[in-house]
Structures are given as C-alpha cells and as structure tokens.
Amino acid sequence: ELAQITRADVNLVTGSTLAGSSLSKPEQQHVAAALAAGDLAAVRGVSPELRAIGEREFIEGIFPLFRDQRSTEVGHLVLLQDWAPTQALLDELRNALLVAGAAGFALALAGGLVFSRRTSQPLMDMAAAARDIAGGDWDRTVPARGSAEATTMAMAFNDMTRGLRDQAERLRASYQRFSTVKQ
C-alpha cells in the first residue's frame, strides 16, 4: 500500500540489511548487494543521481523511520522511483521542442524571404525601368506598389521619367526646327 501511495518502490532497511521491499526478487538482490557494499545508505534525502538497479534506473530517496533518528542502525526507508516514465516524458518534450524549433525556423525563414522579396521588388522594378528608359523606351513607368516609401519613390521616378520624356520631345522638336531652318 505504501508503494502505491508514494508511487515508488518501498524498501525498509535495518542497518545494512534489507528487511522488506516492493521490488522484484532480482532487484531486491541488487539493493541488498548495494546495502552490503555501503553505497546505498550514504546519502540522506533525495539523491540527485540516478541509481541503476537491475535493468531499470531509479531516483532514490533515503529517509529515517523516526524523526530524530541519526543512526541508520534502527532503520530507514529507501524509496526508489522508476526513472523510465520521466525519461520518456523528457524525450517526448525534447522531440516536441525540436519540431517546434524547426517549424519556427522554417516560418521565420519563409517570412524573411517574403518580407525581403516584398521590400526589394519595388527597387528591382525601378532598376528594370531605368534600363528600359536608358534603352530608349520613354513610355516605361514603374508600378507604384509596396510600402509608402516605395510608392513615393516610384511616383517620383515616374515624374522624373515624364519630365525627361517632355524635355527630350522639346529637344527633338527644337532640333527639327533647327534642321529645317538650316536647310
């Protein structure tokens, strides 16, 4: 009943002898051997280390049976809690964190690519328009899209192109007048 209440395997120890245990017989033999060697009763309270007993690993807690007891000769209680469920939970948590981290990284990367593309696309449009205009396509305009800054820059670029086109047309008309007067 005590093992069910504590959710741990209960071992009653007197001196260095195992008086009673809820462990299986082979595991009881491992505990008895550890008691005889003197390395099981060395720590009081809950040990931070895992203890291998048989095929399983345990977290151990060693407590006196009586409140004011200093000696282990009267007896003490050794509680062994199986580490396997905790390890399974830690493994599951680690895997979930890895999946969440990978998903977060993928989302951040995709978001960064979309943001980068959206930010750089108006500049790429402007560069393409500048090449076309330099090639003689005076009717080429830049689409005004993207952020407020990109829209303002596209509109200014289109105004500049319109002004250059108007000046080029006036220059061409002036040249034609000059060439007619010259002849």
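Thresholds applied
Residues numbered from 1 in each chain as written. Predicted model: local features only at pLDDT ≥ 70, side-chain atom pairs only at ≥ 80, totals over all residues. Heavy atoms only, no water. Core = buried A, V, L, I, M, F, W, Y, C linked by side-chain atoms within 4.5 Å. Buried < 20%, exposed > 50% of the residue type's maximum accessible area, 1.4 Å probe, protein only. Helix = DSSP H or I, 4+ residues; strand = E, 2+ residues; numbered from the N terminus. Contact = heavy atoms within 4.5 Å. Pairing = 2+ DSSP bridges. Axes fitted to C-alpha atoms, helices over the stretch in contact; angles between N-to-C directions.

Chemist: Help me understand the nonpolar core in this model?
Modeler: Where a protein is soluble and globular, its nonpolar side chains tend to be buried together. Val13, Leu18, Leu23, Val31, Ala34, Leu35, Leu40, Ile53, Phe58, Ile62, Val78 and Leu80 form the largest nonpolar core, which has 12 residues in total. If you list the elements that add at least two residues to this core, you get α2 (25–37), β4 (56–64) and β5 (76–82). Broken down by element, this core gets its largest block of residues, 3 residues, from α2. Setting aside residues up to four positions removed in sequence, Leu18 forms contacts with Asn11, Leu12, Val13, Gln28, Val31 and Leu35.

Chemist: Explain the sheet that holds β5 to me, please; I cannot follow it from the model alone.
Modeler: In a beta sheet, neighbouring strands are held together by backbone hydrogen bonds and run either parallel or antiparallel to one another. Spatially, β2-β1-β5-β4-β3 is the arrangement adopted by the 5 strands of the open sheet, whose pairing is antiparallel. Edge positions in the open sheet fall to β2 (17–21) and β3 (45–53), since each of these has one partner strand only. Adjacent strand axes in the sheet meet at a mean angle of 30°, parallel and antiparallel pairs treated alike. As judged from the 6 bridges shared by β3 and β4, these two strands associate in the antiparallel manner. When the bridges of β4 are listed, Gly45 appears paired with Ile62. Running over the sheet, α2 touches β1 (9–14), β2, β3, β4 and β5 and is turned about 150° from β2.

Chemist: Sorry, what's going on with the environment of Gln29 here?
Modeler: With respect to the helices and strands, the residue Gln29 is situated in helix α2. The class for Gln29 is exposed, based on a relative accessible area of 59%. Sequence separation between Gln29 and Ile53 is 24 residues; the distance between their C-alpha atoms is 9.2 Å.

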